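Structure at a glance
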Amino acid sequence: MAPTYMNGDFNFCFKLRYIFSKPERYDVVAIRLAGEKVILLKRVVALEGDVVEFKNGTLFVNEKKIDEIYVRYPSDWNLSPRKVDKGHVYVVGDNRNVPIDVHQFGQTSIGRIIGAPLW
Amino acid sequence: MVKVKHIIIAGGILTAGIIAFFIFFQSEGAKIKKQFELIAENIEKTAGENHIIAAAKANRIRKVITERCKIHAPAYSFSREISSDELSTFVLSKRSQFSEISLKFYDFVIDFPDKDTAQVTVTGSMEGNLNNGEFTGELHELKCKLQKIEDIWRLKEIEVVEVLRK
């Protein structure tokens, strides 16, 4: 999630964040894996039913170009359009300065989102 | 005075008994965690590791799986059954591409569907430096099926869970 969050930074996970609401577009969320000791921090870029696509590093949601002010390093990512399943959100990290194959991103179940960073 | 002496001796025996219990009667869950520690130890690599150690580690890794182990990683379009010999060769070849590797397992969830079978869900975190100096890191949820053979828990199936699907 660099440069928004750097490796080794200290933060807290606000676990009550999504008790009464669902994650919204551009929220940074904490995603659990097998447990909660090690989590992924990613940014929600699309919600269920949306169609996501990357063209030469630019994100398109429902064919609309998204101006991602939080992305500092440009990329050359290309990803064909895909629809986000029901009960899922599409998340991407802010650090696009890596090849698309290496970066961990994609759609994840809302049930895996355990909260958001406190700051 | 005699009573105090007896209490101290009894306390000592009790402490020794508790320690012996934990040493000799490890729970099955602890044995499984130990097996994952063994995997991590034999995957990990420090800078300047020589070929003999690399070969020994690759050889030891074959003992952590059953004769054949099913590996399913949809994110990498990889799904096949491999033998312990194939695993050993694969590990040797993959490790040679790195100058340093660190592997840690977190958040164990262990279930026992029957006496000699275990289902383990765990987070695996691998970081390393490739030979060209490039840093690489992978974080995955793994669903594993283990089988107890001759009192040793061995991996029979490994699934790399697609937490994020591109």
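As shown above, the structure is provided for reference.
Our subject in this report is the structure included herewith.

About the cut-offs
- Residues numbered from 1 in each chain as written.
- Chains lettered and ligands numbered in written order.
- Predicted model: local features only at pLDDT ≥ 70, side-chain atom pairs only at ≥ 80, totals over all residues.
- Heavy atoms only, no water.
- Helix = DSSP H or I, 4+ residues; strand = E, 2+ residues; numbered from the N terminus.
- Rg over C-alpha atoms; globule rule 2.2 N^0.38 Å.
- Buried < 20%, exposed > 50% of the residue type's maximum accessible area, 1.4 Å probe, protein only.
- Areas by Shrake-Rupley, 256 points an atom, 1.4 Å probe, with all protein chains shown as cover.
- Axes fitted to C-alpha atoms, helices over the stretch in contact; angles between N-to-C directions.
- Left-handed = near helix turned anticlockwise from the far one by under 90°.
- Contact = heavy atoms within 4.5 Å.
- Nonpolar A, V, L, I, M, F, W, Y, C, P; charged D, E, K, R; others polar.

1. A short note on the overall build of chain B
Along its length, chain B carries four helices and six strands. Beginning at the N terminus, the succession of helices and strands in chain B can be written as α-α-α-β-β-α-β-β-β-β. A globule of 166 residues ought to have a C-alpha radius of gyration of about 15 Å, yet chain B, at 20 Å, is considerably larger. In terms of overall dimensions, chain B has a C-alpha envelope of 70 × 40 × 30 Å along the principal axes. For chain B, with 166 residues in total, the buried portion stands at 34%. Carbon and sulfur atoms provide 60% of the accessible area of chain B, an area that totals close to 10300 Å².

2. Focus: unusual backbone geometry
Residue and element names in this part refer to chain A. Residue Pro3 is reached from Ala2 by a cis peptide bond, and omega for that bond is 5°. Mapped onto the elements of the fold, Pro3 is located in the segment before β1 (13-14). The phi torsion at Tyr26 lies on the positive side, around 80°, for a residue other than glycine. Tracing the chain through its elements places Tyr26 in the loop between β1 and β2 (28-32). The phi torsion at Asn62 lies on the positive side, around 55°, for a residue other than glycine. Structurally, the position occupied by Asn62 is in the loop between β5 (58-61) and β6 (64-65). Of the residues examined, Asn62 reaches a relative accessible area of 41% and is grouped as partly exposed.

3. A look at the packing of helix α3 (residues 51-61) of chain B against helix α4 (residues 84-95) of chain B
All names here are of chain B. Where α3 meets α4, the closest approach of the two axes is 8 Å, and the angle between their N-to-C directions is 145°. Note on packing geometry: the crossing formed by α3 with α4 is right-handed. In contact with Ala54, Ala55, Lys57, Ala58, Asn59 and Ile61 of α3, α4 contributes Leu87, Ser88, Val91, Leu92 and Arg95. Looking at the contact of α3 with α4, its residues break down into seven nonpolar, two polar and two charged.

Worth remembering: the numbers are spatial, not functional.
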